[in-house]
Amino acid sequence: MKLKEKLAKKLEPWREDYNNLRKNYGDVVADEATIGKILGGMRGLKSLLCETSYLDPIEGIRFRGHPIPEARKLLPKPSEKNEPYPTGLWFLLLTGEVPTKDEVLELEEEMKKRWDIPQYVIDILRAAPTDTHPMTLFSMAILALQRESQFFKAYHSGVARNELWEYALDDSITLIAKLPRIAAYIFRMKYRGDIHIEPDPKLDWAANFAHMLGDDDPVFYDLIRLYLFLHIDHESGNVSAHTGHLVHSALSDPFYAISAAMDGLAGPLHGLANQECLNWILEMMEKYGGVPTKEQIEEYAWDTLNSGRVIPGYGHAVLRQTDPRYMAQREFAQKYLADDPVVKTVMTVYEVVPDVLKKHGKAKNPWPNVDAHSGSLLYHYGIREFEFYTVFFGVSRSMGITAEMVYDRIVNFPIERPKSLTIAMLKEIAEGKK
Ligand code: CMX
């Protein structure tokens with residue numbers, strides 16, 4: 001496989017850079033762990049490595065150096081009018097190189113050979129109580145698949161550390177191949193009468209996901225391609241990526257690590273924000289009996305702020321501009337869904353809320369983030385089971401996390417083990433500084 005050949009060529013230069021920095025510049029200070037950072041969830045502390053992506057406050061996320069508009073242009077697509085294959089972006093994250101269409105299709109063919117879900121995984125999903133949250137089912141299925149791990153077997157049969165990356169890659173391909181099927185199975189078992197749809201070998205990985213969910217509109221295929229593209233990676237400090245990296249640093253295999261990462265993504269402060277945004281929009285539409293006017297949006301935004309709540313979908317911990325992931329979805333919506341009332345409301349909110357937030361004067365960034373748009377697009381296509389939205393996010397984010405995991409094994413990244421202090425110790429340090 002071209003993907004593996006390309007990665008094999010990266011081993012030496014990547015290891016050389018990593019080892020050189022670690023050995024010869026290990027004492028150079030990159031940032032300081034102040035008491036504020038230790039007690040503040042390490043917000044902004046420059047203490048992690050991430051090769052797959054970098055979040056620029058103005059330009060937004062860069063995938064291996066490519067900002068979103070550039071990556072959307074450069075990466076191979078089914079045809080010029082389509083969105084790029086998310087698997088092509090995964091190839092880029094893994095190797096640092098933009099793949100050709102043939103390289104992406106070769107990877108997708110390999111994934112088709114691995115997309116079946118073993119019966120025992122289906123049995124586990126079916127054994128859970130019917131009100132089990134879809135993220136719990138998703139994480140359970142990934143964990144159950146751990147018995148398929150080649151990495152686990154390789155490690156326990158004594159494969160050399162320098163070769164473990166191949167097994168991390170192999171597990172990652174197997175896992176990513178199966179995720180849309182697992183997600184679609186959960187979706188249809190819970191919300192579509194337990195009637196399932198087989199994948200279509202003629203479709204690409206992302207379009208197949210759309211197909212198995214139950215909608216064969218080619219625009220929906222593209223929406224799913226776009227969604228999986230935009231959510232793939234966001235540096236390594238967010239909860240899911242960091243969890244994946246941390247768990248894998250103990251040489252737990254990619255199945256263990258991604259299952260744990262998905263548990264973090266399920267948290268309301270991480271992967272659930274998009275459903276809150278959509279709720280806010282729908283409640284506003286209900287209050288005003290349809291698409292609200294700009295004046296009504298302004299009134300509603302102030303009511304939200306004055307009651308001590310935040311405006312969902314606006315603001316960001318790092319970004320200081322409109323999130324390019326929001327812009328990509330807005331462009332898509334303008335092209336295909338401009339008449340949808342929920343989409344129209346989302347678009348008008350964009351013309352009103354930044355000024356309200358600027359007047360309010362608290363949020364450092366008054367502009368929308370990715371979550372302000374994504375729910376409305378899925379909603380248009382009849383996916384109205386909000387609790388499932390995080391599963392879409394999980395399918396996509398698993399790609400970014402596994403890409404960094406493969407890199408970790410190439411450079412033999414050590415087990416993560418920061419040192420902790422007690423409040424009494426911090427008090428002593430603080431007093432010593434007075
Ligand atoms: N509406 C109202 N107030 C907001 C706000 C918003 N959308 N965004 C930030 N603020 C407020 C904060 O609550 C904070 O107030 P206090 O000083 O009273 O605590 C103040 O502005 C400063 O916050 P900040 O430094 O600008 O933002 P943070 O880094 O603390 O938080 C975020 C970032 C995303 C949690 C915040 O902007 C927010 O709550 N937004 C709404 C929820 C949301 O959209 N979440 C999705 C995030 C998507 C992602 O991370 O990718």
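Structural notes, computed from the coordinates. Every value quoted in this text rests on a predicted model; they were computed, and no experiment measured them. The numbering scheme is per chain: residues are counted from 1 as the chain's sequence reads. Totals for whole chains, interfaces and linings use every residue, but because this is a predicted model, local features are given only for residues with pLDDT of at least 70 and side-chain atom pairs only at 80 or more, for both listing and counting. No hydrogens and no water enter the side-chain calculation; it runs on all heavy atoms of the structure.

## Points about the packing of aromatic side chains
Ring pairs shown here join Phe, Tyr and Trp side chains whose ring centres sit within 6.5 Å, with only the six-membered ring taken for Trp; geometry is labelled stacked below 30 degrees between planes, edge-to-face above 60, and tilted in between. Evaluated as defined, the whole model comprises 17 aromatic pairs. Ring geometry for Tyr18 versus Phe413: centroids 5.7 Å apart, planes at 55 degrees, classification tilted. Of this pair, Tyr18 sits in helix α1 (residues 2-24) while Phe413 sits in the loop between α19 (389-410) and α20 (423-433), and the two are 395 residues apart along the sequence. Across the pair, Phe413 and Tyr18 agree in class, each one buried. Look at Tyr326 and Tyr350: their rings are 5.1 Å apart centre to centre, the planes differ by 40 degrees, and that puts the pair in the tilted class. Helix and strand assignments come from DSSP, with helices taken as H or I runs of at least 4 residues and strands as E runs of at least 2, each series counted from the N terminus. Each residue gets one of three labels from its accessible area relative to the maximum for its type: buried under 20%, exposed over 50%, partly exposed in between, using a 1.4 Å probe on protein chains only.

## Quick look at the pattern of salt bridges
It is possible for side chains bearing opposite charge to pair when their charged atoms get close. A side-chain nitrogen of Lys or Arg and a carboxyl oxygen of Asp or Glu constitute a salt bridge if their distance falls within 4 Å. By the definition in use, this model includes 25 salt bridges. One salt bridge in this structure joins Arg126 and Asp194, with 2.4 Å as the shortest N-O distance. Residue Arg126 is found in helix α6 (residues 119-127), and its partner Asp194 is found in the loop between α9 (164-191) and α10 (205-213); the two are separated by 68 residues along the sequence. The partner of Lys287 in a salt bridge is Asp303, and the shortest N-O contact between them spans 3.6 Å. One end of the pair, Lys287, is in helix α14 (residues 273-288); the other, Asp303, is in helix α15 (residues 294-306), and 16 residues separate them in sequence. Taken together, the shared-partner salt bridges in this structure form one network comprising Lys6, Lys10, Glu97 and Glu103.

## A word on the site of the ligand
Taken together, 18 residues form the shell around the ligand, and within it Ile311, Gly313, Tyr314, Lys362 and Lys364 come nearest. Ile311 places a polar main-chain atom, nitrogen or oxygen, 2.9 Å from a nitrogen atom of the ligand. Two N or O atoms form a polar contact when they lie within 3.5 Å of each other; inside protein one atom must be a possible hydrogen donor and the other a possible acceptor, and for residues adjacent in sequence the pair counts only when both atoms belong to side chains. In the environment of the ligand, an oxygen atom lies 3.4 Å from a nitrogen or oxygen atom belonging to the side chain of His316. Here the accessible surface of atoms and residues is derived via Shrake-Rupley with a 1.4 Å probe, and residues count as covered only by protein chains that are part of the display. Protein contacts shield 65% of the accessible area of the ligand, which totals 890 Å² for the unbound molecule. Under this grouping Gly is polar, as are all residues other than the nonpolar Ala, Val, Leu, Ile, Met, Phe, Trp, Tyr, Cys and Pro and the charged Asp, Glu, Lys and Arg. When its residues are assigned to classes, the shell around the ligand shows nine nonpolar, four polar and five charged. Think of it this way: one heavy atom of a residue within 4 Å of a molecule or strand is enough to make that residue near it.

## What to know about the nonpolar core
The nonpolar side chains of soluble globular proteins are, as a tendency, buried together. Phe63, Trp90, Phe138 and Leu213 are the most contacted members of the largest nonpolar core, which has 127 residues in total. Examining the composition of this core, we find that 17 residues originate from one element, α9, more than from any other. Not counting residues within four places of it along the chain, the set of residues in contact with Phe138 comprises Leu179, Ile182, Ala183, Ile186, Met262, Val391, Gly394 and Val395. Side-chain atoms within 4.5 Å link the members of a nonpolar core, which is a set of buried Ala, Val, Leu, Ile, Met, Phe, Trp, Tyr and Cys residues. Throughout, a residue-residue contact means that at least one pair of heavy atoms, one from each residue, lies within 4.5 Å.

In short, geometric facts, not functional conclusions.
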